There are 2 protein chains.
Amino acid sequence: METPAAPLELDPRQRRAREAFENLRDRICAAFEAIEAEAGGAARFEFIPWEREDAGGEAGGGGVRGVMKGAVFEKVGVNVSTVGGVFSPEFAATIHGAESDPSFFATGISLVAHMANPHVPAVHMNLRFLVTTRCWFGGGADLNPPIPYAEDTRDFHAALEAACDTHGPGDYARFKAWADDYFWIPHREVRRGVGGIFFDHLEIEDDAGFVAHLAFVEAVGEAFLAAFPTIVRRRMREPFGAAERAAQLEWRGRYAEFNLVYDRGTLFGLKTGGNIDAILMSLPPVATWG
Amino acid sequence: METPAAPLELDPRQRRAREAFENLRDRICAAFEAIEAEAGGAARFEFIPWEREDAGGEAGGGGVRGVMKGAVFEKVGVNVSTVGGVFSPEFAATIHGAESDPSFFATGISLVAHMANPHVPAVHMNLRFLVTTRCWFGGGADLNPPIPYAEDTRDFHAALEAACDTHGPGDYARFKAWADDYFWIPHREVRRGVGGIFFDHLEIEDDAGFVAHLAFVEAVGEAFLAAFPTIVRRRMREPFGAAERAAQLEWRGRYAEFNLVYDRGTLFGLKTGGNIDAILMSLPPVATWG
């Protein structure tokens, strides 16, 4: 599905990055719908285009928010957004390469899945291409099991490690440590999950750099697509009771706290006139605080 | 119930303010337990003392967190905390009177009630006494109905207005406007409820000022105690169905967003080594994001 028309001129790199994210989104959604079908459900993604509001003179863009509520995927959101314009002065001061010139372009895919069965891990994946006076890729993926299984953690990390090892810009040890640092909830003194990778400001200087870095982030997306459905199928039929469901909902409260208090992607969306429903689609369908 | 012993020396004003807040807390808890009993429940407040952690050399204090989970009050938390010490340099720069000297003392009562019946409004009330190089009272109360009733809004505001009108430091029009401004969710472009009053930096210069301001904040507490139980009794037996419960839980998602993204009291607690369970007791027992 195409991003809706909006007054935003894309150069070839920007168009190429956006297409890569849209292509990945389509394949992930098909894979997740196939899992729902295997479980006997008929849930499908619903896609809702949105345009950027309060965009100002030079700004524009928008995106497509995809949501599926199924028997296995209690709520999964996949958003591809492509926006451009001018940061507010105070926000520009906090963004790489925007200190002197607040113009920006950003395209990215963001995915969060909250699962019905507490034995199946929740998951987050995000890939993005940013242009200010600098030009870089960022992204990451992390696994968030209410009930952790060493086998799932191992497989998820192994897929990401392989993607890093086969592409020049990848550095698994560094990106894993970055995820451990980023997905930390200071006021709880716990990690929000069992980690994964996180990376940002992977700068490109020329077309060759763009191609190499785009290949790397595409490989991260492919690693996610290879690893996560396998983990879901492994766990989605495990029986669970009220105590495990209650623990899952309480655990989701921690997840909501992280996203609302600390997550930079959430902040970025709120500060750049993003679509509220798309920004906050990461929030769990239901959560508890005891 | 007394605040637990902690290495914090209180001067007479600080002790007097703390005692006022503890006294108010005891009377509110008794009133809420009486409502539970009327509804045929046996729920009582559980009180959990806590001491301030990571307090550093000169710091100390703590508080008592009270929680009741009942048939009418799905979850109500009342915290009285009394803490002192030294702000971190970056946080001190944001606090009235702490720019040059980061020493502080704070005592306060904070209450949030989330109700079982969607027809009964949730509510928040907070009163506090702060000492830096300045010395002031702050506080407020606001009504948060998932399903608003004009009669409830009117009675709640009328009680607060009367408290303001009979005490010199009170200024209902200003404090009402301040609440409308404060309890605003920018990214949703909605208020979190139907308002009330909010005030801060009501500075005192001498003992007479302290007495007058303490009398005012005590009157706000009394107004809350007079108004809210009446509203609860008016609504708590109204029948409701699944659609109203679902709307209530979605509405609570907005409430959680406000408290985690914007609320200064939450930030103050997280930045001053407060008790996490006490700080986040304002979060709803269960919330949904559609």
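Structure: above.
Per chain, the residues get numbers from 1 upward, laid out in the order the sequence is written. Each chain takes a letter, starting from A, and each ligand takes a number, starting from 1, following the order in which they are written. The predicted nature of this model means local features are confined to residues of pLDDT at least 70 and side-chain atom pairs, given and counted, to a pLDDT of 80 or more, with totals for whole chains, interfaces and linings taken over all residues. Just so you know, side-chain values use all the structure's heavy atoms and leave hydrogens and water out.

Caption draft 1: Representation of the packing of helix α3 (residues 150-165) of chain B against helix α4 (residues 172-182) of chain B within the structure. All names here are of chain B. Axes here refer to lines fitted to C-alpha atoms; in helices the fit is confined to the stretch in contact. Angles between the N-to-C directions go from 0 to 180 degrees. A helix here means a DSSP run of H or I that spans at least four residues, while a strand means a run of E at least two residues long, and both kinds are numbered starting from the N terminus. Contact pair α3 / α4: the axes reach a minimum separation of 9 Å and the direction vectors enclose 135°. By the criterion of interaxial angle, the relationship of α3 to α4 is oblique. Contact with α3, carried on its side by His157, Leu160, Glu161, Cys164 and Asp165, involves Tyr172, Phe175 and Lys176 of α4 and no other residues of that element. Looking at side-chain class alone, the contact of α3 with α4 contains four nonpolar, one polar and three charged residues. With respect to orientation, any angle under 35 degrees is reported as roughly parallel, any angle over 145 as roughly antiparallel, any angle of 65 to 115 as roughly perpendicular, and every other angle as oblique. The contact definition used throughout considers only heavy atoms, calling two residues in contact when any of these lie within 4.5 Å. Amino acids outside the nonpolar list (Ala, Val, Leu, Ile, Met, Phe, Trp, Tyr, Cys, Pro) and the charged list (Asp, Glu, Lys, Arg) are all regarded as polar, and Gly is one of them.

Caption draft 2: Local environment of the packing of aromatic side chains. Residues and elements named next belong to chain A. Any two of the Phe, Tyr and Trp rings considered here, Trp counted by its six-membered ring, make a pair once their centres fall within 6.5 Å; the pair's planes then place it as stacked at under 30 degrees, edge-to-face at over 60, or tilted in between. Applying the stated rule across the entire model yields 44 aromatic pairs over all chains. Grouped by ring-pair contacts, the aromatic residues Phe175, Trp178, Tyr182, Phe183, Phe198, Phe199, Phe216, Phe258 and Tyr262 constitute a single cluster. Distance and angle both matter: a charge sits over a ring if NZ of Lys or CZ of Arg is within 6 Å of the ring centre and within 35 degrees of the ring normal. Sitting above the plane of the Tyr149 ring, Arg235 keeps its charged end 3.8 Å from the centroid.

Caption draft 3: Quick peek at the state of the cysteines. Pairs of cysteine sulfur atoms within 2.5 Å are identified as disulfides in what follows. Enumeration over the complete set of coordinates arrives at zero disulfides over all chains. No disulfide involves Cys135(A); its nearest neighbouring cysteine sulfur is the one of Cys164(A), lying 20 Å away.

Caption draft 4: Spatial organisation of the pattern of salt bridges. All names here are of chain A. For this analysis, a salt bridge means a side-chain nitrogen from Lys or Arg found within 4 Å of a carboxyl oxygen belonging to Asp or Glu. The full count for this structure, using the stated rule, is 50 salt bridges over all chains. With its nearest N and O atoms 4.0 Å apart, the salt bridge here joins Arg65 to Asp277. Taken together, the residues span a long stretch of sequence, with Arg65 in strand β2 (residues 60-68) and Asp277 in helix α8 (residues 276-279) at a distance of 212 residues. Relative accessibility under 20% of the residue-type maximum defines a buried residue, over 50% an exposed one, and the middle range a partly exposed one, all with a 1.4 Å probe and only protein chains included. Assessed through its relative accessible area of 40%, Asp277 is described here as partly exposed. Residue Glu250 is joined to Arg254 by a salt bridge in which the shortest nitrogen-to-oxygen separation is 3.8 Å. One end of the pair is Glu250 and the other is Arg254, both in helix α6 (residues 242-261) and four residues apart, which spans about a single turn. Relative accessible area serves as the criterion here: at 25%, Glu250 is assigned to the partly exposed category. Look at Arg254 and you get buried, because its relative accessible area is 18%. Connected through shared salt-bridge partners, Glu151, Asp152, Arg154, Asp155, Arg234, Arg235 and Glu238 make up one network.

Caption draft 5: Broad picture of unusual backbone geometry. All names here are of chain B. The backbone of Glu189 shows a phi angle near 55°, a positive value even though the residue is not glycine. Mapped onto the fold, Glu189 is located in the loop between β7 (184-185) and β8 (190-191). Classification of Glu189 as exposed rests on a relative accessible area of 57%. Unusually for a residue other than glycine, His201 sits at a positive phi of about 60°. Its location among the elements puts His201 in strand β9 (residues 196-203). Residue His201 is classed as partly exposed on the basis of its relative accessible area, which comes to 36%.

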